[in-house]
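The chain contents come next:
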Amino acid sequence: MKQTLRAIFYSFAVQLVLLHFKKFQVLIVFWLILFSAVNGSFMKMYGVNSLYLAPEYLGDVNFLSTTMVGIAFGIFIMSWNITTFILFSRHFKFLATTTNPFLKYCINNALIPLAFLGFYFLEAVDFGTVKELLSVWEIVVLTGGFLTGLVLSISMSFFYFFRADKSINRRMGAGGENDTTFQKESQTHIAFTSSGSRLLKVQSYFNSPLSIHAVRDVSHYSRSFIEKVFSRHHFAAMLSIFAAFVFLIVVGFFLDNHIFQLPAAASITIFFSILVAVAGAFSYFLQSWSVPFLVLMFMLLNILYRYEVIDPTNKAYGLNYSNKRDRPYYSRESLLALCTPAKVEKDKALMIQILENWKKKQPEEKPVLYVITTSGGGTRSATFTLNVLQDLDSLSEGRLMDKTFMITGSSGGMLGAAYFRELANQKARGRPVNLQDANYVDHISRDLLNPMLSSFVARDMASPAQKFKVGNHFYIKDRGFAFEEKLAENTQRLLDKQLKDIAEDERLARIPIVLFNSVITRDSRKIIISTQPVSFLMKPMYDTTRVAEMDPDAVDFGALFSKQQPMNLRLLSALRMNATFPYLLPNVWLPSKPVIDVMDAGLRDNFGQETALRFLFVFNDWIAENTSKVVLIQIRDRKNGGWENPYESNNISEIITKPMLLLQHNYYKMQEYTQNQMIGVQTAFSKNIYKLSFQYVPKKDDATAALNFHLTRREKQDIAEALSSPNNTGSFRKFKQLSEAAPNDK
């Protein structure tokens, strides 16, 4: 038994695994990321595991999608083999004397890839059964697709290297070493580090998957001969990695064509393949100079960015960035100038006229005014919001949007609300739209994550040179553009408009006013995007004779960027700026002095109530005189009360990191506590304000839909079923009662 274990331990396959952990551990990190991505622990909140376990191609999980992921994994495995072969080959010279040395190396280097593939298949079958509700036959088909792609890519790689081996053998044979003195006796192979310590000891290796050979004695081969064999294999290996990089560039240039929109898992894995090769190249050529070189590269990029030689920033599409002379100053003085008392009164008068236009549409003398606020939460919130609005519209006999004056909120919820508003607008214009059609829920719940990540890899990283035009201005295509285009496609391009296209409809109250609330990263002020002037929302209303002056905590986008053609902003860009998930979507940079950038509205007001309550307070007198009541409809993707996902410390590392991550983990709960206080004060002064809350609460606590832009079949089903929860059933009933309690018609 001891001899068997000793033989296993000193086999080339086991020694290679140990060598990976001894040297160049950075390459092991890529495997750890893949393992954790597949089991859901890496970027869990973004649902990255679904990209790998249920990859989509052309909008569906199918044979082709898993085939492409299989090909990508094959490329990654071969990149891993190629890179480590280049790095380690000098330590196992015995391979140079074998036929097809690279093939022998790959066979012996297969333990980690095989462990990952086994783990991946187990996770994929479980995910497909539980999350995607796939049948056994569907799982068999998808598995067949993955294996087809994997075998195809690896086979093509080996075919390439077999041809390379023949070419190398011919060249080496012309002037190579005389092998007549070849000694067949075996000899243990020991490799040492530059300091003289033992690196690995090999007694046997897999000559094929089913045969084991003892290590040969290669002392009769000259060092120059062995190094020449390996160097020519290295050149052939680098050519194959270069081909993968060229492939990504080509995909990036043709990404607008759906055929080239690969599953995100495939794009990410191919990108990892290139990163593995680049990391290996740094280690091989620069060795101990790798870190200083990276520091210098980082410093150089900073200098190039500072002097505007390179510009990786994302733009708000439609806005004028070329007019640098008239860019507004972002300062305390400039913001105060946008909300002077005279300006506020002027803007209030304009908004009151819109309120009067809304009132003229209502059949009652003093109608019920509805304000809808919807929370962030990616596609789960967008889907739940649309589900709720459909049911509310049905209960109000198709007049929900007519009765609603304003919609505001954050992130995904605003995607669903904006889509429903446009559908209602199309119906009002005489188009054949059934607002209760389940297909609309299917549209808004379609995947947005795959095109974003595919674009990040193929465009942002590999080919960031393509441009597109909005009006007279050009912008670079990146993952922000990919998000907007996919959202437009999913919603039949109904949202593919500019603010100027909806300004008149909002001014005449044909449709509810929408307020977007992106957050400026510089100081956490809101930047409120609206087709109408909203200086009255830039700071709280207060008695200036009794309270010291307050600075603005919000910015009127249209007023600040009045010379940058703000009404040319795409509605899709406003939605994206309102839903900028960190890292998934790029921050949007705005043309001010100094330049400011904005992120997701949820960082400041995840539930949309802060903006809505300020609006109601500003127009409290008009509302009291002209309406019977205000119904604040809150649609949220989580429970009330802040009891879910308590921040617990279950290990030492969490105890250490808890003070740093406390705010990040609980920020939306803190918002809720503050906003509960606000609405308590508001209702104390205004007796006719009612609040209804619709909450997405999964049937099982461990089955919550992921907070990202991708939903599985099970998650879509769970969101639909959440409408019938006791809380939501009660809120629908209360909505009906409040609607029926309205005064009689004129």
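Residues numbered from 1 in each chain as written. Predicted model: local features only at pLDDT ≥ 70, side-chain atom pairs only at ≥ 80, totals over all residues. Heavy atoms only, no water.

Re the overall build of the protein chain
For clarity, the cut-off: Counting from the N terminus, the helices are DSSP H or I runs at least four residues long and the strands are E runs at least two residues long. Residue exposure (1.4 Å probe, protein chains only): buried if accessible area is under 20% of the type maximum, exposed if over 50%, otherwise partly exposed. Contact definition: two residues touch when any of their heavy atoms are within 4.5 Å. Accessible surface is estimated by sampling points in the Shrake-Rupley manner with a 1.4 Å probe; for residues, cover comes only from the protein chains shown.
Per the secondary structure count, the protein chain includes 28 helices and 16 strands. Per-residue burial over the protein chain gives 54% buried out of 746 residues. Restricting the contact set of the protein chain to residue pairs at least 6 apart, pairs at least 24 apart contribute 78%. Accessible area of the protein chain: about 33,700 Å², with a carbon and sulfur share of 60%.

Observations regarding the pattern of salt bridges
As a reminder, the rule being used: Definition used for salt bridges: Asp or Glu carboxyl oxygen within 4 Å of a side-chain nitrogen of Lys or Arg.
Counted by the stated rule, this structure contains 31 salt bridges. Note that Arg 604 and Glu 610 form a salt bridge whose closest N and O atoms lie 3.3 Å from each other. For Arg 604, a relative accessible area of 19% corresponds to the buried category. Judged by relative accessible area, Glu 610 falls into the buried class, the value being 14%. Through salt bridges with shared partners, a single network forms among Glu 484, Glu 485, Arg 493, Asp 496, Arg 570 and Arg 576.

Brief notes about helix α18 (residues 449-461)
In plain terms, the rule: One less than the number of residues in a helix, times 1.5 Å, gives the span that helix is expected to have. The term bend refers to the angle at a residue between two fitted axes, each drawn through seven residues, those ending there and those starting there.
Between its terminal C-alpha atoms α18 stretches 17 Å, which fits the 18 Å expected from 13 residues at 1.5 Å a residue. Largest kink in α18: about 35 degrees, centred on Ser 455. Counting buried positions over the 13 residues of α18 gives eleven, a clear majority of the element. All of the buried residues along α18 are Leu 449, Asn 450, Pro 451, Met 452, Leu 453, Ser 454, Ser 455, Val 457, Ala 458, Arg 459 and Asp 460.

Quick word on the nonpolar core
Considering soluble globular proteins, one finds that nonpolar side chains tend to be buried as a cluster. Quick note on the threshold: Joining through side-chain atoms within 4.5 Å is the link that ties buried Ala, Val, Leu, Ile, Met, Phe, Trp, Tyr and Cys residues into a set, and such a set is a nonpolar core.
The biggest cluster of nonpolar side chains holds 189 residues, and the ones touching the most others in it are Tyr 52, Tyr 120, Phe 405, Leu 590 and Phe 709. Among the elements that line this core, the one with the most residues is helix α5 (residues 63-88), at 13 residues. Setting aside its immediate chain neighbours within four residues, Tyr 52 contacts Leu 34, Ala 37, Val 38, Phe 73, Tyr 120, Ala 265, Ile 268 and Thr 269.

Thoughts on the side chain of Asp 637
Heads up, the condition is: Nitrogen and oxygen atoms within 3.5 Å of one another constitute a polar contact, given that in protein one can donate a hydrogen and the other can accept it, and given that sequence-neighbouring residues count only through two side-chain atoms.
Summarising the element assignment, Asp 637 is placed in the loop between β15 (629-636) and α26 (652-685). Only 3.2 Å separates the side chain of Asp 637 from the side chain of Arg 638, close enough to count as a polar contact. Ignoring any residue separated from it by four or fewer positions in sequence, one finds Asp 637 in contact with Ser 375, Gly 376, Gly 377, Arg 380, Ser 381, Tyr 696 and Leu 707.

Observations concerning the packing of α5 against helix α6 (residues 101-108)
Definition in use: Helix axes are fitted only over the stretch in contact, all axes being lines through C-alpha atoms; the angle between N-to-C directions runs from 0 to 180 degrees. Note that the term roughly parallel is reserved for angles under 35 degrees, roughly antiparallel for angles over 145, roughly perpendicular for angles of 65 to 115, and oblique for everything else. With the far helix as reference, a near helix turned anticlockwise by less than a right angle produces a left-handed crossing, and one turned clockwise produces a right-handed crossing.
For the pair α5 and α6, the least separation of the axes is 10 Å and the interaxial angle reads 110 degrees. The pairing of α5 with α6 is recorded here as roughly perpendicular in orientation. As α5 packs across α6, the resulting crossing turns out to be right-handed. Judged by residue contacts, Met 78, Asn 81, Ile 82, Thr 84, Phe 85 and Phe 88 of α5 engage Pro 101, Phe 102, Tyr 105 and Cys 106 from α6.

Focus on a nonpolar patch on the surface
To be explicit about the condition: In this scheme, patches are assembled from residues that exceed 30% relative accessible area and form no salt bridge. Like charges are connected within 9 Å, while nonpolar side chains (Val, Leu, Ile, Met, Phe, Trp, Tyr) are connected within 5 Å.
Taken together, Phe 242, Phe 245, Val 246, Val 250, Phe 253 and Phe 254 make up a surface patch of nonpolar side chains, about 540 Å² in accessible area. Summarising the element assignment, Phe 245 is placed in helix α9 (residues 223-253).

As for unusual backbone geometry
Lys 593 connects to Pro 594 through a cis peptide bond whose omega is -10 degrees. Along the polypeptide, Pro 594 turns up in the loop between β13 (588-590) and β14 (596-599). Backbone geometry at Ser 411 places phi at a positive 50 degrees, although glycine is not the residue there. In this model, Gln 492 sits at a positive phi of 55 degrees, which is unusual for a non-glycine residue. Along the polypeptide, Gln 492 turns up in the loop between α19 (479-490) and α20 (499-507). Given a relative accessible area of 36%, Gln 492 falls into the partly exposed group.

A closer look at the pairing of strand β7 (residues 404-409)
In the case of a regular strand, side chains alternate between the two sheet surfaces. Definition in use: By this definition, two strands are paired if DSSP reports at least two bridges between them.
Within β7, six of the six residues are buried, which leaves it mostly tucked inside the rest of the structure. Sheet analysis places strand β6 (residues 368-374) next to β7, joined by five bridges and oriented parallel. When the sheet's bridge partners are listed, Ile 372 is paired in β7 with Ile 407. Bridge count for β7 against strand β10 (residues 513-520) is three bridges, and the pairing is parallel. Residue Thr 408 lies in a different strand from β10, and its bridge partner there is Leu 515.

Considering the environment of Phe 12
Secondary-structure assignment places Phe 12 in helix α2 (residues 12-22). Overall, Phe 12 belongs to the buried group, its relative accessible area being 0%. In this structure, the C-alpha to C-alpha distance between Phe 12 and Phe 92, residues 80 residues apart in sequence, is 9.3 Å. Among residues more than four places away in sequence, those in contact with Phe 12 are Phe 92, Phe 94, Leu 95, Tyr 105, Asn 108, Val 202, Ser 204 and Tyr 205.

Remarks on the pairing of strand β3 (residues 204-208)
With four bridges connecting them, β3 and strand β4 (residues 211-214) associate as antiparallel partners. Following the sheet pairing, Ser 208 is matched in β4 by Ser 211. Between the end of β3 and the start of β4, which pair antiparallel, lie two residues.

Brief notes about the packing of aromatic side chains
Let me state the cut-off plainly: Centres within 6.5 Å are what make two rings of Phe, Tyr or Trp a pair, Trp counting through its six-membered ring; a difference in plane orientation under 30 degrees is then read as stacked, over 60 as edge-to-face, and the rest as tilted. The criterion is that NZ of a Lys, or CZ of an Arg, lies within 6 Å of the ring centre and within 35 degrees of the ring normal, and then a charge sits over that ring.
By the definition in use, this model includes 34 aromatic pairs. Put simply, the rings of Trp 31, Phe 35, Tyr 52, Phe 73, Phe 76, Trp 80, Phe 116, Phe 119, Tyr 120, Phe 121 and Phe 146 pair up and form one aromatic cluster. Sitting above the plane of the Tyr 321 ring, Lys 315 keeps its charged end 5.6 Å from the centroid. A cation sits over an aromatic face here: Arg 576 above Tyr 317, 4.8 Å from the ring centre.

Some remarks on the side chain of His 20
Examined against the element boundaries, His 20 turns out to sit in helix α2. Looking at His 20, the relative accessible area reads 2%, which means it is buried. Here Asn 109 takes part through its side chain, which lies 2.7 Å from a polar atom of the side chain of His 20. The residues contacting His 20, other than those within four sequence positions of it, are Gln 25, Ile 28, Trp 80, Thr 84, Phe 88, Tyr 105, Asn 109 and Ile 112.

Let's talk about the confidence of the model for the protein chain
Basically, it comes down to this: On a scale of 0 to 100, pLDDT captures the predictor's confidence in every residue.
Taken as a whole, the protein chain shows an average pLDDT of 84; of its residues, 87% reach a score of 70 or greater. Overall, residues 170-185 carries pLDDT values under 50, and its contacts beyond four positions in sequence, including any with other chains, amount to 20 contacts. In the predicted structure, residues 192-197 sits below a pLDDT of 50 and forms six contacts with residues beyond four places in sequence or in another chain.

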